[in-house]
Each structure stands twice: as C-alpha cells, then as structure tokens.
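Overview (structure and organization)
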Amino acid sequence: MSPTQRRRLLLVLLVVAVAGVAAVLVATALQRNIAYLYTPAEVKAGKVAPDARFRLGGMVAKGSFQRAPGALQARFEVTDGDAQLPVTYDKILPDLFREGQAVVATGRMAGDVFVAEEVLAKHDETYMPKELADKMGVAHGKHQVPATAAPAESR
C-alpha cells in the first residue's frame, strides 16, 4: 500500500469515526428530550416509568378545576373516559383552557399526582393530536351506547 493510499484510508476511517460519534450524540440527545403520550388509564395501569417525563393527554374533567383566589397554583383532573388523574400546574394556564376541553400536559408523576411543566389546551374536540384522538376513541368506544336506527328518508 502506497503512502497516498494509506493517508486516504486513514482519512476515510477518521470521517467514519467522527460520523459515528456524531450519530451517537444526536441519538442520546433525542432520547433524553422525547416525551411519550399516555392517557390517565395507561398511567394508572403502570405503563410509565416512575421518574419518566411524559405527556398526559385527555379531557379536563368537569367540576375538577380548583384554584385559590390570587394564586397561580391550579389543580384539575384529566380523564380519558376510563380513568381520571389529578394534575397540578403552577404557571399561567392557556386562554383556551377550560373544563370539558382537550388538554395535553407535559411533566412527571409525584406520587399519585401529575405535576405539569407545560399545559396545552385546544378549543374543542374537533382538533386534537391524532395519537391522543386514537387513544381517546378506544376509551370512549367502550362506553358508547349503540345509536338508534336513523329514520327512513321521506320522498
């Protein structure tokens, strides 16, 4: 092998090694920042690691919102139709946040309570992340009462 070929081979090996290290660093950074979406029923079933950061999706349960006058600390429950999970949040809630509306909160569990770091709210159920809509559809499908037959069309 000539000295020129040896230098080329070393250069190619160096580029491959640097690319491999960069790929490992990117994969590690992405893994740390990933937040999977779970419903309250999945959390209560133990599908979430105890100290994991994740997204909790569902509907804000009616009659569950509480906030002391003059305080930012809010407490509410998120439901998926099968289970409810209490949530605390100590920042300003989005303008569209209200009971009975879709919500996605990012945070961690502290005992039996989800401590949210960020809360996103949607104005109605017509738009919700597909992943959450699919999970909510399965939960609500279990609780649906069969619809009555539609009336025949008149001529």
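All of these numbers come straight from a predicted model, not from anything done at the bench.

Observations regarding the packing of aromatic side chains
Scanning the entire structure with this criterion turns up 4 aromatic pairs. Summarising the aromatic geometry, the rings of tyrosine 38 and phenylalanine 54 are spaced 5.6 Å apart at their centres and angled 85° between planes, so their arrangement reads as edge-to-face. One end of the pair, tyrosine 38, is in strand S1 (residues 37-38); the other, phenylalanine 54, is in strand S2 (residues 54-60), and 16 residues separate them in sequence. Residue tyrosine 38 is classed as buried on the basis of its relative accessible area of 18%.

Some words on the confidence of the model for the protein
Overall, the predicted model of the protein reaches an average pLDDT of 82, with 77% of residues at or above 70. The least confident element of the protein, judged by mean pLDDT, is helix H3 (residues 130-143) at 60; the most confident is strand S5 (residues 84-89) at 95. Low confidence marks residues 143-155, where pLDDT is under 50. Its contacts with residues over four positions away, or in another chain, come to 2 contacts.

Observations concerning the pattern of salt bridges
Overall, the coordinates contain 1 salt bridge when judged by the stated rule. Here arginine 53 makes a salt bridge to glutamate 117, at a shortest N to O gap of 3.1 Å. In this pair, arginine 53 is assigned in the loop between helix H2 (40-44) and S2 and glutamate 117 in strand S7 (residues 113-121), connecting sequence segments 64 residues apart. Glutamate 117 gets classed as partly exposed once you look at its relative accessible area, which sits at 33%.

A short note on the pairing of strand S6 (residues 102-110)
Within S6, 7 of the 9 residues are buried, leaving the element largely enclosed by the surrounding structure. Two elements, S2 and S6, share 6 bridges in a ladder whose sense is antiparallel. Each residue of the ladder has a partner; that of phenylalanine 54, found in S6, is glycine 107. Direction of pairing for S6 relative to S7: antiparallel, over a ladder of 8 bridges. Note on S7: the bridge partner recorded for alanine 105 is valine 119. The hairpin formed by S6 and S7 contains 2 residues between the paired strands, and glycine 111 there has a positive phi angle of roughly 75°.

Things to note about the nonpolar core
Within the largest apolar cluster, 21 residues are counted, with the highest numbers of intra-cluster contacts made by Val43, Phe54, Leu56, Phe76, Phe97, Phe114 and Val119. Here this core takes 4 residues from S7, the largest share from any one element. Not counting the four nearest positions on each side in its chain, phenylalanine 114 is found in contact with Phe54, Leu56, Leu85, Pro86, Val87, Thr88, Ala105, Thr106, Gly107, Arg108 and Met109.

The rules behind these values
Just so you know, the residues in each chain are numbered from 1, in the order the chain's sequence is written. Only residues with pLDDT of 70 or above have their local features reported here, since the model is predicted, and side-chain atom pairs are shown and tallied only from 80 upward, although totals for entire chains, interfaces and linings are computed over all residues. Water and hydrogen atoms were dropped before computing side-chain values, which therefore reflect all heavy atoms in the structure. We call Phe, Tyr and Trp rings a pair once their centres come within 6.5 Å, taking the six-membered ring for Trp, and we label the pair stacked below 30 degrees between planes, edge-to-face above 60, and tilted otherwise. The way it works is that DSSP assigns letters per residue, a run of H or I at least four long becomes a helix, a run of E at least two long becomes a strand, and they are numbered from the N terminus. Buried residues are those whose accessible area, probed at 1.4 Å on protein chains only, stays under 20% of the maximum for their type, while exposed residues exceed 50% and partly exposed ones sit between those limits. Per-residue confidence from the prediction method is given by pLDDT, with values spanning 0 to 100. Here, residues are in contact when the closest pair of their heavy atoms is within 4.5 Å. By definition, a salt bridge exists where a carboxyl oxygen of Asp or Glu is found within 4 Å of a side-chain nitrogen of Lys or Arg. DSSP bridges decide pairing: two strands pair if at least two such bridges lie between them. We call a set of buried residues a nonpolar core when its members are Ala, Val, Leu, Ile, Met, Phe, Trp, Tyr or Cys and they connect through side-chain atoms within 4.5 Å of each other.

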